[in-house]
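Here is what each chain is made of, one letter per residue.
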Amino acid sequence: MRSTHVSNRLWGVGVGFLALGLLLALRWAPGPALPPPKTIEIQAVAGLQYDRVRFAVQPEQEVKLTLENASSLAHNLVITDKGTREAVVAAANRMGAEGPEQEYVPESDDVLHFAPVIDPDSSATLTFTAPEDEGVYPYVCTYPGHGVVMYGAMYVSPDGEAAMPPLEEDAHVPPDSLRAGASAAVTSAHPYPTSPPIMYRTFMPNSSPATIAVGLTGGVSYAFDTVPVTIRYAWSGGFVDNSEVFKGHVANQRAVVEGTVFYRSDGQFPLRIGETEGAPSAEFEGYRMVEERPQFRYTMDGVTVRELITPVSDGVGLQREFQIEEPPQEIRFIRTAADSVTVEASAGTWRADTLRLSPEEARNFTITMTK
C-alpha cells in the first residue's frame, strides 16, 4: 500500500510540473508581431487646409506625426476619439481667454493626442501609439474659426490603406479639400475646379478666416461665413482671384472679388426663435452637396437648420431655401435694413424688415433676394 501511495504522489507532482510548464510556455509564447513604426508628415497650407486629409495606420502601431506650418496663420492638430470632432471644436471655441494658454485644446476625454499651436514656417512632432480599436479617428485644427473646415481622418485598421473608401466617397474628409494630396498626384496647379459650381475655403475680405466662397452658374457668387453662420455678401460677374492667397506665407492676404457686390449683410445671424431680442446661439455643423451645390447645416439654440442657396432663374440674385427641424415656436427672419436687394418670401408675413413664420411655415420656406 505504501508503495502505491508514493507512486500516486510522484505522479501528482509530475502532473503539477507539467501543468506549470504549459502555463509558462503559454505565458511567454511570442504574440503577433507589432507593425513597425510609421512616419506621417502633414502640412498646414493656405486656405485653412491640411495638405493630407487622411492616412491609415494599424492598431497599436507606433506613429510619428510631424505637422509643418506652410501657411501664413497659426495652426494646431488635435486627434480626437471617433465621432467627436465637432464636439471638440465646439469645446475649443468656448475656451475664451484660456484658449491661448492651453493651445486651444480643451480638457476632454475625447482628445487623444495633439500637436500644439505653431506659427508659420515652423513644425511640431508628436509620437503616439495608435488606438487598439479599429475605426476612423478625426484630426482637426482647433484654432478659433478653423475647425469647421480644417480637418482630416486617421483610419485605424489591420488592413491599412485598403480600409479607406475611394476618396471621392469619403465622408470623413472636407469635401473641397486638396484631395489629390491624399491619394494621387496633383494634376493642376489650381487645387479646385475652375467651372461653376465652385467652392473655395479662402481668406475673403470683410469676413472671418472660416469663410466659404461659392461660385454658382449664371455668374453669381457669395461668401458664406461659418462663424456668424450667414451670407456676408454676394456679387455678380467673375468669381475670386486667389493668386496672392495661394502663394502662402503672406500675412493678411485676401482673395479679390471679381465682380460687383449686389448684396451685403450686416453679418448678423438672420433667424430668431419666438420673441427673443438677441440672436440665438448659432453653430455651423458642415454641409453636403445637393445637386452640386452646398446645403449648409447648422443649429440655432439646438434647433437644426439646413440652408440651400441657388441662383435665381431670371436676373441676378439668390434663392435661400431654409429647412428647420421641429421649430419650437414662431420663427422670424430679419433682413438687413441697409441691403439693396428686393427680398421676397414664399411664406409668412412681413412686418417692416421682419418676416414672421408660424412653426408649420418655418419648416420649409424660401427667401429670394434679387438685384
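Keep in mind the model is a prediction, meaning the values are calculated, not measured.

Asker: How do you make sense of the packing of aromatic side chains when you look at a structure like this?
Answerer: Overall, the coordinates contain 13 aromatic pairs when judged by the stated rule. Taking the centre distance of 5.9 Å and the plane angle of 45° together, the rings of Y233 and W235 count as tilted. Note on accessibility: Y233 and W235 belong to one class, buried. Where F269 meets Y298, the ring centres are 5.8 Å apart and the plane angle is 85°; that geometry is what we call edge-to-face. Of this pair, F269 sits in the loop between β14 (256-264) and β15 (271-273) while Y298 is found in strand β17 (residues 293-300), placing the two residues 29 residues apart along the sequence. What links up through ring pairs into an aromatic cluster is the set Y222, F224, F284, Y287 and F296.

Asker: I would appreciate a short explanation of the environment of G317 in the present structure.
Answerer: Topologically, G317 is positioned in strand β19 (residues 317-324). C-alpha separation for the pair G317 and T370, spaced 53 residues apart in sequence, amounts to 4.2 Å. Other than its neighbours up to four places away in sequence, G317 contacts V220, F262, T310, P311, V312, M369 and T370.

Asker: Could you clarify how one ought to interpret the pairing of strand β11 (residues 211-215) in this entry?
Answerer: Consecutive side chains of a regular strand alternate in pointing toward one face of the sheet and then the other. Within β11, 5 of the 5 residues are buried, which leaves it mostly tucked inside the rest of the structure. The alternating pattern of β11 places T211, A213 and G215 and I212 and V214 on opposite faces, both of which are buried. As defined by bridge partners, strand β10 (residues 198-201) adjoins β11 across 4 bridges and the pair is classed as antiparallel. Note that in β11 the partner of R201 across the bridge is I212. Sheet topology places β11 next to strand β12 (residues 220-225); 5 bridges connect them, and they run antiparallel. Looking across to β12, one finds that T211 is bridged to D225. Hairpin connection from β11 to β12: 4 residues lie between these consecutive antiparallel strands, with G218 at a positive phi of about 85°.

Asker: Is there a simple way to think about the pairing of strand β16 (residues 282-290) in this case?
Answerer: Bridging between β16 and β17 involves 8 bridges; their strand directions are antiparallel. Looking at β17, one finds that G286 is bridged to R297. If you look at the hairpin formed by β16 and β17, you'll find 2 residues sitting between the two strands, and E291 has a positive phi there, around 50°.

Asker: Please clarify how the pattern of salt bridges should be interpreted in this entry.
Answerer: Scanning the entire structure with this criterion turns up 12 salt bridges. The salt bridge partner of R297 is E285, with a shortest N-O separation of 3.0 Å. Residue R297 is located in strand β17, and its partner E285 is located in strand β16; the two are separated by 12 residues in the primary sequence. Residue class for R297 comes out partly exposed when judged on its relative accessible area of 26%. The shortest N-O distance in the salt bridge between R363 and E326 comes to 3.6 Å. Of this pair, R363 sits in the loop between α6 (359-362) and β24 (364-370) while E326 sits in the loop between β19 and β20 (331-334), and the two are 37 residues apart along the sequence. Three or more residues are tied together by salt bridges with common partners; here these are R85, E86, E285 and R297.

Asker: Even after reading the chapter, I still don't get the nonpolar core, so can you show me in this structure?
Answerer: Where a protein is soluble and globular, its nonpolar side chains tend to be buried together. Grouped together as the largest cluster of nonpolar side chains are 43 residues, with contacts concentrated most on Y222, L271, F296 and L318. Apart from the residues lying within four places of it in its own chain, the contact partners of L271 are P280, M300, V305, F322, I324, I331, R332, F333 and F365.

Asker: Help me understand the environment of L355, please; the structure alone is not making it clear to me.
Answerer: Within the secondary structure, L355 is located in strand β23 (residues 354-357). Placed 11 residues apart in sequence, L355 and E344 show a C-alpha to C-alpha distance of 9.5 Å. Here L355 is in contact with I331, R332, F333, A345, A347, G348, T349, W350, F365 and I367, once residues within four sequence places are set aside.

Asker: How do you make sense of the side chain of S236 when you look at a structure like this?
Answerer: Positionally, S236 belongs in strand β13 (residues 230-241). Discounting chain neighbours no more than four positions away, the residues touching S236 are G219, E258, G259, T260, F262, V316 and K371.

Asker: Looking at this model, I keep getting lost on the sheet that holds β24. Mind explaining?
Answerer: The pairing of strands in a sheet happens through backbone hydrogen bonds and is either parallel or antiparallel. Spatial strand order, β16-β17-β18-β19-β24-β21: 6 strands in an open sheet with antiparallel pairing. If you trace the sheet from one side to the other, it starts and ends with β16 and β21 (342-345), each paired once. Each adjacent strand pair in this sheet contributes to an overall mean axis angle of 20°, direction not counted.

Asker: What am I meant to see in unusual backbone geometry here?
Answerer: Generally, phi is negative for residues other than glycine and the peptide bonds are trans, each holding for most cases. Residues other than glycine seldom take positive phi values, yet E103 does so here, at roughly 60°. Within the chain, D121 stands out as a residue other than glycine whose phi angle is a positive 65°. Locating D121 in the fold gives a position in the loop between β6 (111-118) and β7 (123-129). Accessibility expressed as a relative area gives 60% for D121, which makes it exposed.

About the cut-offs
- Residues numbered from 1 in each chain as written.
- Predicted model: local features only at pLDDT ≥ 70, side-chain atom pairs only at ≥ 80, totals over all residues.
- Heavy atoms only, no water.
- Phe/Tyr/Trp six-rings, centres within 6.5 Å; stacked < 30°, edge-to-face > 60°.
- Buried < 20%, exposed > 50% of the residue type's maximum accessible area, 1.4 Å probe, protein only.
- Helix = DSSP H or I, 4+ residues; strand = E, 2+ residues; numbered from the N terminus.
- Contact = heavy atoms within 4.5 Å.
- Pairing = 2+ DSSP bridges.
- Salt bridge = Lys/Arg side-chain N within 4 Å of Asp/Glu carboxyl O.
- Core = buried A, V, L, I, M, F, W, Y, C linked by side-chain atoms within 4.5 Å.
- Axes fitted to C-alpha atoms, helices over the stretch in contact; angles between N-to-C directions.

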